[in-house]
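What the coordinates show
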Amino acid sequence: MFAQWVQSYRDLPLLLNQWANVHRWEMRTRPFVRTLEFLWQEGHTAHATPEEAEAEAMKMLQVYKEFAVTQAAIPVIPGRKSRIESFAGANITYTIEAMMGDRKALQAGTSHNLGTNFAKAFNTQFVDEQQQLQYVHQTSWGMSTRMVGGIIMTHGDDQGLRLPPNVAPTQVVIVPIVKKDTDRASVNEAVDKLHVALKEAGIRVKIDGNDLKTPGWRYNYWELKGVPVRVEVGPRDVEQGACVLARRDVPGKEGKQMGVSMEPSAFVATVKDLLQDVQESLLAAATAFRDENIVDVTSYDELKAAVAEGKWARGGWAGSDDQEKQIKEETQATLRCFPFEQPAGPHTCFMTGQPAAEVAIFAKSY
């Protein structure tokens, strides 16, 4: 379609974004991560110059990185793919790589600078300002429902989901605790006021007033769902004008905050602060976990040892395509990326012993 839509430099840049369901054959499927059908956001652009295409590809990778870090609380590593791992037909593929809870890598989003490769294949040309016929320079980029799996596998624990507040469908659940019918009216009235205050503040909140289940059952249920904050309100809390907050990311008594004022403005401020702290704590914990499991290597034997322990290996790389394939065949680890943030040099290739311009990260992946 680009070949039909683009005729002149005045038609550029052409920027398309779509949400689409994709079907593809997979020998082995994994929920969210690798499925026969998935939903993704996909962009395609065409530009007059290679500089504009490169800027677009980098801009979209930054958009994906910002979403992963600030919303999903996943500390991704942005970088450039190797020639072998790049998208077929791309001049350069950029990626954000995330470490899951089992220490495998997840390619969480990609952005491709396609150059003029597809333009030449489909004869997508335009007349420039000098009335010369030129090929367009293209990009494509995407992120899919794989990110849902990334959130689950980055933050989940043995109790179930742990959702970052910024993306949690329900950020707060209020659990009324009623043991006597005489307490029901006062507790429900207090809970309703808290519910209204949170909703008016833009917080996604639910009330679980299911009397058929015990409070403990309901606590466990919402912990399994990964709701970041739980509010507990009983008759004594109503009398004292204070309730209990429990954060999902810190189990047990350590994660409970007692005596929280139920005065609406004070209550909302406390909940907002707690949600922000949960968001930041999940990111900090995931970042610390990632950094603890990246090993700097100076030899192929050190890489094999690191990968055998389930860790990521980082080291200078100036190896050939055949040597990169050898590592994959012998260790099942692939070159995830050349990180944009490079440690200070000089670097030596752990495979060849030759000087290396940059370091690369190798890891097993989904």
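A brief structural summary. Worth saying up front: this structure is predicted, and the values here are computed from it rather than measured.

Thresholds applied
Residues numbered from 1 in each chain as written. Predicted model: local features only at pLDDT ≥ 70, side-chain atom pairs only at ≥ 80, totals over all residues. Heavy atoms only, no water. Helix = DSSP H or I, 4+ residues; strand = E, 2+ residues; numbered from the N terminus. Buried < 20%, exposed > 50% of the residue type's maximum accessible area, 1.4 Å probe, protein only. Contact = heavy atoms within 4.5 Å. Areas by Shrake-Rupley, 256 points an atom, 1.4 Å probe, with all protein chains shown as cover. Pairing = 2+ DSSP bridges. Axes fitted to C-alpha atoms, helices over the stretch in contact; angles between N-to-C directions. Core = buried A, V, L, I, M, F, W, Y, C linked by side-chain atoms within 4.5 Å. Expected span 1.5 Å × (residues − 1). Arc of directions from axis to C-beta. 1 Å grid on protein atoms, 1.4 Å probe; cavity = no way out; pocket = protein on both sides within 12 Å on 5 of 7 lines; lining within 4 Å. Points joined across faces, edges and corners; volume = space filled by probe spheres on them. Nonpolar A, V, L, I, M, F, W, Y, C, P; charged D, E, K, R; others polar.

1. Comments concerning the overall build of the protein
A tally of helices and strands in the protein yields 10 helices and 19 strands. When its C-alpha atoms are laid out on the principal axes, the protein stretches across 80 × 55 × 40 Å. Residues classed as buried in the protein amount to 46% of the 366 residues present. At a minimum sequence separation of 6, the contacts of the protein that also span at least 24 residues come to 65%. Accessible surface, the protein as shown: approximately 18700 Å² in total, 52% of it carbon and sulfur.

2. Notes on the sheet that holds strand β19 (residues 359-363)
As summarised here, the arrangement of the 10 strands in space is β1-β2-β8-β5-β4-β3-β16-β19-β15-β14, forming an open sheet in which the pairing is mixed. Edge positions in the sheet fall to β1 (14-23) and β14 (294-296), since each of these pairs with one other strand and no more. On average, each strand axis in the sheet is inclined to that of its neighbour by 30°, with strand direction left out of account. Strand direction decides the pairing type here: strand β3 (residues 77-80) and strand β16 (residues 334-339), joined by 2 bridges, are antiparallel. Its bridge partner being in β16, Gly 79 is matched across the sheet by Pro 339. Against the sheet, helix α8 (residues 264-292) contacts β3, β4 (92-99) and β14, and its axis sits at roughly 35° relative to β14.

3. Quick word on the nonpolar core
Core analysis: the biggest nonpolar cluster contains 25 residues, and Val 172, Ile 174, Leu 198, Val 231, Val 233, Phe 267 and Val 271 have the highest contact counts within it. Ranked by residues supplied to this core, first place goes to α8 with 7 residues. Ile 174 has contacts with Val 191, Leu 194, His 195, Leu 198, Val 205, Lys 206, Ile 207, Asp 208, Val 231 and Val 233, leaving out every residue within four places of it along the chain. Ranked by size, the runner-up nonpolar core spans 22 residues in total, among them Ala 68, Val 76, Trp 141 and Ala 168.

4. A short note on the pairing of β16
For a regular strand, the rule is simple: side chains alternate between the two faces of the sheet. Burial runs high along β16: 6 of the 6 residues are buried. Strand direction decides the pairing type here: β16 and β19, joined by 3 bridges, are antiparallel. Across the sheet, the residue bridging to Cys 337 is Ile 361, located in β19.

5. A few points about the pairing of β19
Of all 5 residues in β19, 5 are buried, a share of seventy percent or more. Taking every second residue as pointing to the same face, both faces of β19 are buried, with Val 359, Ile 361 and Ala 363 on one and Ala 360 and Phe 362 on the other.

6. Structural notes on helix α2 (residues 50-71)
Because an α-helix completes one turn every 3.6 residues, residues spaced three or four positions apart along the sequence face the same direction. Between its first and last C-alpha atoms α2 spans 31 Å; for 22 residues at 1.5 Å apiece the expected length is 32 Å, and the two agree. Following α2 by one or two positions, Ala 73 has its phi on the positive side, about 60°.

7. Comments concerning helix α6 (residues 215-225)
Looking at α6, one finds that the buried residues are Arg 218, Tyr 219 and Trp 222. Within α6, the buried residues cover an arc of 105° as seen down the axis, which keeps them to one side. Residues of α6 that are buried make contact with β9 (172-176), β10 (205-207) and β11 (229-233). Phi turns positive, to about 85°, at Gly 226, one or two residues after α6.

8. Notes on the layout of surface pockets
Of the voids in this model, the largest pocket is the one considered here, and its volume is about 1200 Å³. Among the secondary structure elements, those contributing two or more residues to the lining of the largest pocket are α1 (2-5), β1, β2 (37-47), β5 (105-115), α3 (117-122), β8 (137-144) and β16. Split by residue class, the lining of the largest pocket holds 18 nonpolar, 16 polar and 11 charged. Each pocket or cavity is described by its volume, and for the second largest pocket that value is around 330 Å³. Along the wall of the second largest pocket there are 16 residues; nearest its centre are Val 76, Ile 77, Pro 78, Arg 290 and Glu 341. At the level of elements, α2, β3 and α8 are the ones that each hand at least two residues to the lining of the second largest pocket. In terms of residues, the lining of the second largest pocket owes the most to one element, α8, which gives 3 residues. Of the residues assigned to the lining of the second largest pocket, the class counts are 10 nonpolar, 1 polar and 5 charged.

9. Quick look at the sheet that holds strand β13 (residues 256-261)
In spatial order, the strands read β10-β9-β11-β12-β13; together these 5 strands make up an open sheet with mixed pairing. Edge strands, defined here as strands with exactly one partner in the open sheet, are β10 and β13. Taking each pair of neighbouring strands and ignoring which way they run, the sheet shows an average axis angle of 25°. Inspection of the sheet shows β9 paired to β11 by 5 bridges, in the parallel sense. Bridge pairing in β11 places Val 172 opposite Val 229. Against the sheet, helix α5 (residues 181-200) makes contact with β9, β10 and β11, and its axis sits at roughly 170° relative to β9, the strand it touches most.

Honestly, that's just the spatial picture; any functional story needs more than this.
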